[in-house]
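# Residue-level structural notes
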Amino acid sequence: MQWNRHSTRPSRRRDVFRMLCLASAGGALEFYDFVIFVFLAEAISVLFFPPDMPTWLAMIQTYGIFASGYIFRPLGGIVLAHFGDMFGRKRVFAFSILLMAGATLAVGLLPTYQSAGIAAPLLLVVLRILQGIAIGGEVPGAWTFAAEHVSSRRVGFACGLVCAGLGVGIFLGASLTALTTMILPPADMLSYGWRLPFILGGVFGLIGMRLRRMLHETPVFVTLRAKKQLVPELPLAVVVKTYRRSIVISVLCTWILSASVVMLTLMVPTILEGSHHVDHQVALIATTISAMSLVVGVVSGGLLFDRIGAARFFMVGGLFLAIGGFAFYNISTPAPAQVFLSSAIIGFSGLSAVGAAVVMVSCFPPPVRFSGVSFSYNVSYAFFGGLTPVTLATFLTISSLSHVFYLLFVSALTMGLGVYFLVRPEALTDRQQVSTTKR
């Protein structure tokens, strides 16, 4: 089994696997910081808005603040990716997790509406924006880092480990929130309990910083720098001018990935409680099951991608997304056993997310890879990932099956991309070269 382009020694294979695990662990801690907001949305809607505001309006505004982090992800992605393509992938990792940890810790220390008035939600928006900037460079950077540490035949598995780390972050957020709500009475939860996951996220950030210091720069970037093949101009300008087809493909892949993450994990509590009248604690436990099933799904999906290729993988992945939609539909009773079983199926059905990651890192050449993936991913995620919670929360009041219809649509999109890759396999590797000069 070849793990690295430059060496087949067992010690080198162990080093590469260690790098992948460290990158995944750091991503898990940072993604935890980003997603715990949505698991505490109910408490935030009560504490950060006027008490006389209707519950449904407070929830929509809370999800609006959640979406603000997505809207500013492109800014962070563009800026951090620029430095990642010019000065190295590793440095961006350290800064992004520091920014995320600081913003998350600050959220846990914020005053509420009762003590600070309108300043409370405004400060929350600012900190959420900082979180969005931090996460904007994290996910594309992690995929790029992983893909450039392994051979082209193992990129699926490498990206699968990174995606699994993100799933572990969701699992940690959901499980810790569920544990806190089970231990603390509702009054204590609103008094101080909601702060604990955010404060702990700051501690997790320090751990992540330590992990990031143990990483080594990717062999691909080291080679580019040694041969003076780094892009002499703005990498994003090269991407927009030369790789438009790759951008379109990556935007569509991000749409699929956002549905897998947002619909199949982050929005599970809202869907189960709103459409299926599931108890809040049962819904949070179901979310932890869904998140861990997604972890298994993306690792399995990465191995499958390496064996069958993009075209067939996307067709299979689209079928699994449809199965996840029907699993939601078949929750006819709030009985915990049925909810937990369905949640396991729902989480695993998101295995197509890893295919989206592999395709994106394959579409752009190394000198502009970080910028290309980051720009496409973050612009698309800002729209599809950020607006999905708000839109779904609104449409669930109209139709209790809105989430099922959306998943079936994304399933069709996934299979459609699979057909496109079958007809146009060259789309997966853009052969155009990036012009470079000596720096």
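Sequence order as written defines the numbering, with residues in each chain counted from 1. Only residues with pLDDT of 70 or above have their local features reported here, since the model is predicted, and side-chain atom pairs are shown and tallied only from 80 upward, although totals for entire chains, interfaces and linings are computed over all residues. Note that water and hydrogens are dropped before the side-chain values are worked out from all heavy atoms of the structure.

On to the overall build of the protein. For the purposes of this entry, the term helix denotes a DSSP run of H or I that reaches at least four residues, the term strand denotes a run of E that reaches at least two, and both are numbered from the N terminus. Check the secondary structure of the protein and you find 19 helices and 0 strands. Taking 2.2 N^0.38 as the reference for a compact globule, 439 residues should give roughly 22 Å; the C-alpha atoms of the protein span a radius of gyration of 21 Å, in line with that estimate. Expressed along its principal axes, the backbone C-alpha trace of the protein runs to roughly 65 × 45 × 40 Å. Burial classes: relative accessible area under 20% of the type maximum marks a residue as buried, over 50% as exposed, and values in between as partly exposed (1.4 Å probe, protein chains only). Scored against the burial criterion, the 439 residues of the protein give a buried share of 59%. Here a residue-residue contact requires only that any non-hydrogen atoms of the pair lie within 4.5 Å. Excluding contacts between residues fewer than 6 apart, the proportion of contacts in the protein whose partners are at least 24 apart in sequence is 85%. Approximately 16,900 Å² of the protein is accessible, and the part contributed by carbon and sulfur atoms is 69%. The quantity called the radius of gyration is restricted to C-alpha atoms. Its globule counterpart is 2.2 Å times the number of residues to the power 0.38. Calculation of accessible area relied on Shrake-Rupley with a 1.4 Å probe; when residues are assessed, cover is drawn exclusively from the protein chains displayed.

Right, let's get into helix α11 (residues 219-226). What α11 keeps buried is the set Pro 219, Val 220, Phe 221 and Leu 224. Just past α11, the residue Lys 228 takes up positive phi, approximately 55°.

Moving on, we get to empty space enclosed by the protein. Once rolled over the atoms, a probe with the size of a water molecule shows which space is left empty. Definitions used throughout: a 1 Å grid over protein atoms alone; a cavity as a set of points that fits a 1.4 Å probe which cannot get out; a pocket as an open set with protein on both sides within 12 Å along at least five of seven lines; a lining residue as one with an atom within 4 Å of a point. Grid points are joined across faces, edges and corners, and a volume is the space filled by probe spheres set on the points. With the rule as written, the count across this model stands at 1 cavity of 30 Å³ or more. The calculated volume of the largest cavity comes to roughly 110 Å³. Around the largest cavity, the lining is made up of 13 residues, and of these Cys 163, Leu 166, Leu 257, Val 261 and Ala 353 lie nearest the centre. Secondary-structure elements contributing two or more residues to the lining of the largest cavity are α8 (155-183), α13 (244-266), α15 (280-329) and α18 (369-395). No other element matches α8, which puts 4 residues into the lining of the largest cavity.

Structurally, Arg 89 is set in helix α5 (residues 89-108). Not counting the four nearest positions on each side in its chain, Arg 89 is found in contact with Gly 84, Thr 144, Phe 145, Glu 148, Glu 217, Thr 218, Phe 221, Pro 366 and Phe 370.

With that settled, consider the confidence of the model for the protein. A score between 0 and 100, pLDDT records how confident the predictor is in each residue. For the protein, per-residue confidence averages 83 on the pLDDT scale, and residues scoring 70 or more make up 94% of the total. Ranking the elements of the protein by mean pLDDT puts helix α1 (residues 10-39) last, at 75, and helix α17 (residues 352-363) first, at 92. Ignoring residues within four places in sequence, the model shows residues 1-7, a span with pLDDT below 50, making 27 contacts including any to other chains. This model gives residues 430-439 a pLDDT under 50, and the stretch forms 28 contacts once residues within four places in sequence are excluded.

Right, let's talk about helix α19 (residues 402-423) for a bit. Spanning 22 residues, α19 covers 32 Å between terminal C-alpha atoms, matching the ideal 32 Å at 1.5 Å per step. Taken residue by residue, α19 has Ser 402, His 403, Val 404, Leu 407, Val 410, Ser 411, Leu 413, Thr 414, Leu 417, Gly 418 and Phe 421 as its buried positions. Expected span of a helix: the number of residues minus one, times 1.5 Å.

Another aspect to go through is the state of the cysteines. The disulfide criterion is simple: two cysteine sulfur atoms within 2.5 Å. Applying the stated criterion across every chain yields a total of 0 disulfides. In this structure Cys 159 is not part of a disulfide, and its nearest cysteine sulfur, from Cys 163, lies 6.5 Å away. Judged by relative accessible area, which is 0%, Cys 159 ranks as buried. Free of any disulfide, Cys 363 has its nearest cysteine sulfur in Cys 253, 6.7 Å distant.

Together, Ile 71, Phe 72, Leu 75, Ile 78, Val 79, Phe 83 and Phe 87 make up a nonpolar patch on the protein surface, roughly 590 Å² of accessible area in all. At 5 residues, the largest contribution of residues to the nonpolar patch is made by helix α4 (residues 73-87). By the element assignment, Phe 72 lies in the loop between α3 (55-71) and α4. Phe 72 sits in the partly exposed class, given a relative accessible area of 32%. Residues enter a patch when their relative accessible area is above 30% and they make no salt bridge; the linking distance is 9 Å between like charges and 5 Å between nonpolar side chains (Val, Leu, Ile, Met, Phe, Trp, Tyr). The term salt bridge refers to a side-chain nitrogen of Lys or Arg lying within 4 Å of a carboxyl oxygen of Asp or Glu.

One finds Phe 48, Trp 143, Leu 266, Phe 314, Phe 328, Val 359 and Phe 421 to be the most contacted residues of the largest nonpolar core, which totals 131 residues. In terms of residues, this core owes the most to one element, α15, which gives 16 residues. Setting aside residues no more than four positions away along its own chain, Phe 314 makes contact with Cys 253, Ile 256, Phe 305, Gly 355, Ala 356, Val 359, Thr 414, Met 415, Leu 417, Gly 418 and Phe 421. To form a nonpolar core, buried Ala, Val, Leu, Ile, Met, Phe, Trp, Tyr and Cys residues must be joined to one another through side-chain atoms within 4.5 Å.

A separate point is the side chain of Thr 112. Residue position: Thr 112 is located in the loop between α5 and α6 (113-116). In contact with Thr 112, other than residues within four places in its own chain, are Leu 47, Phe 48, Gly 117, Ala 120, Trp 194 and Arg 195.

A separate point is the pattern of salt bridges. Counted by the stated rule, this structure contains 2 salt bridges. A salt bridge links Glu 148 to Arg 369; the nearest nitrogen and oxygen atoms lie 3.1 Å apart. Here Glu 148 is found in the loop between α7 (119-147) and α8, whereas its partner Arg 369 is found in helix α18, with 221 residues between them in sequence. As far as burial versus exposure is concerned, Glu 148 and Arg 369 are alike and both buried. Linking Arg 424 and Glu 426 is a salt bridge whose minimum nitrogen-to-oxygen distance equals 2.3 Å.

Each Phe, Tyr or Trp ring (for Trp, its six-membered ring) is paired with any other whose centre lies within 6.5 Å, and the angle between the two planes then decides the class: stacked below 30 degrees, edge-to-face above 60, tilted in between. Tallied over the entire structure, the rule returns 15 aromatic pairs. Summarising the aromatic geometry, the rings of Phe 83 and Phe 87 are spaced 5.9 Å apart at their centres and angled 25° between planes, so their arrangement reads as stacked. Placement of the pair is Phe 83 and Phe 87 together in helix α4, with a separation of 4 residues, close to one helical turn. Taking the centre distance of 5.0 Å and the plane angle of 90° together, the rings of Phe 383 and Phe 384 count as edge-to-face. Given the relative accessible area of 16%, Phe 384 is considered buried. Through successive ring pairs, a cluster of aromatic residues spans Phe 305, Phe 313, Phe 314, Tyr 420 and Phe 421. We count a charge as sitting over a ring when the NZ of a lysine or the CZ of an arginine lies within 6 Å of the ring centre and within 35 degrees of the ring normal. Seen from the ring of Phe 37, Arg 128 lies directly overhead, with NZ or CZ sitting 5.3 Å from the centre.

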